[in-house]
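Below are the chains, spelled out letter by letter.
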Amino acid sequence: MTIDEIRELINLAAETGIAELEVQRGDARVRIRRAAFAGTQEIVVAPPAYAPLPQAVPAQVPAAQPSLPAPETPKAKETGEKPSDPNLILVKSPIVGTFYECPSPGSPPFVRVGERVQPGKVLCIIESMKLMNEIEAENSGVVESKLVLNGQPVEYGEALFAIRAV
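To keep things clear, this report deals only with the structure shown in the data block. (Residues numbered from 1 in each chain as written. Predicted model: local features only at pLDDT ≥ 70, side-chain atom pairs only at ≥ 80, totals over all residues. Heavy atoms only, no water.)

Observations regarding the overall build of the chain
Along its length, the chain carries two helices and twelve strands. Going from N to C terminus, the chain has its helices and strands arranged as α-β-β-β-β-α-β-β-β-β-β-β-β-β. Counting over 166 residues, the chain shows a buried share of 25%. Considering only residue pairs separated by 6 or more positions, the chain has 48% of its internal contacts joining residues 24 or more positions apart. About 11,000 Å² of surface is accessible on the chain, with carbon and sulfur atoms providing 55% of the total. (Helix = DSSP H or I, 4+ residues; strand = E, 2+ residues; numbered from the N terminus. Buried < 20%, exposed > 50% of the residue type's maximum accessible area, 1.4 Å probe, protein only. Contact = heavy atoms within 4.5 Å. Areas by Shrake-Rupley, 256 points an atom, 1.4 Å probe, with all protein chains shown as cover.)

Written out as structure tokens, the structure reads:
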């Protein structure tokens, strides 16, 4: 792999905003990883197995490249504090794990936005350490919004649903 090809890969990574790019041709392997906070890229070139490994060579991202805005996800809507509407109740994750909106792939979700729920109604499943934990509604109301994507990792205390009390 030539220096010009590596420069093209660096430009491709900078233009598309991807976090990491790895290309392997035969025994040559190049990995370009963008540092999250420093605005730099780390480039590691792995030569054939019979040669000694070189040190990582940091390279600066060109200053002319505008940074891409982070995509807005449902998690970005979470504020971590009480909602301003007193009738809006946030259902928060009691454990760290993976959020699932339905009991199995292909089956309908436990609840949909706009659906009325009663205490004890299963809202979702949080998988933690291979155990499926059902998360139930503690109050009656109408599901206003789902704040997490299916299959997304969640943290302890992270808001999962917003329910409007009725």
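Points about the nonpolar core
In this structure, Phe-99, Leu-123, Leu-160 and Phe-161 are the most contacted members of the largest nonpolar core, which totals 15 residues. Here Leu-123 is in contact with Val-91, Glu-101, Phe-110, Val-111, Val-117, Ile-135, Glu-136, Ala-137, Phe-161 and Ile-163, once residues within four sequence places are set aside. Judged by nonpolar contacts, the second largest core, of seven residues, contains Leu-9, Ile-10, Leu-21 and Ile-32. (Core = buried A, V, L, I, M, F, W, Y, C linked by side-chain atoms within 4.5 Å.)

Focus: unusual backbone geometry
The backbone phi angle of Met-129 is positive, close to 55°, even though this residue is not glycine. Within the element layout of this structure, Met-129 appears in the loop between β8 (122-128) and β9 (131-136). Residue classification places Met-129 among the exposed residues on the basis of a relative accessible area of 77%. One non-glycine residue, Lys-130, lies in the positive phi region at around 65°. Following the sequence through the fold, Lys-130 ends up in the loop between β8 and β9.

Thoughts on the sheet that holds strand β5 (residues 88-92)
Spatial strand order, β5-β12-β10-β7: four strands in an open sheet with antiparallel pairing. Edge positions in the sheet fall to β5 and β7 (116-117), since each of these pairs with one other strand and no more. Where β7 meets strand β10 (residues 141-146), two bridges bridge the pair, whose relative direction is antiparallel. If you follow Arg-116 over to β10, its bridge partner there is Val-142. (Pairing = 2+ DSSP bridges.)

Comments concerning the pattern of salt bridges
Counting across every chain of the model gives five salt bridges. For the salt bridge of Arg-25 with Glu-5, the shortest nitrogen-to-oxygen distance reads 2.9 Å. With Arg-25 in strand β1 (residues 20-25) and Glu-5 in helix α1 (residues 3-16), this residue pair connects regions lying 20 residues apart in the sequence. Relative accessible area serves as the criterion here: at 26%, Glu-5 is assigned to the partly exposed category. Where Glu-115 meets Lys-121, a salt bridge forms, and the shortest distance between an N and an O atom there is 3.9 Å. Classification of Lys-121 by relative accessible area gives partly exposed; the value is 31%. (Salt bridge = Lys/Arg side-chain N within 4 Å of Asp/Glu carboxyl O.)

Section: α1
Residues lying three or four places apart along an α-helix face the same way, a consequence of the helix completing one turn every 3.6 residues. Given a rise of 1.5 Å per residue, 14 residues ought to cover 20 Å, and the 20 Å separating the end C-alpha atoms of α1 matches this to within 8%. For α1, the set of buried residues is Ile-6, Leu-9, Ile-10, Ala-13 and Ala-14. Down the axis of α1, the sector holding all buried residues measures 135°, keeping them to one side. Pointing more than 90 degrees away from the buried face of α1 are the exposed residues Asp-4, Arg-7, Glu-8 and Glu-15. (Expected span 1.5 Å × (residues − 1). Arc of directions from axis to C-beta.)

Note that every value here comes from positions in space, so none of it alone points to a role or purpose.
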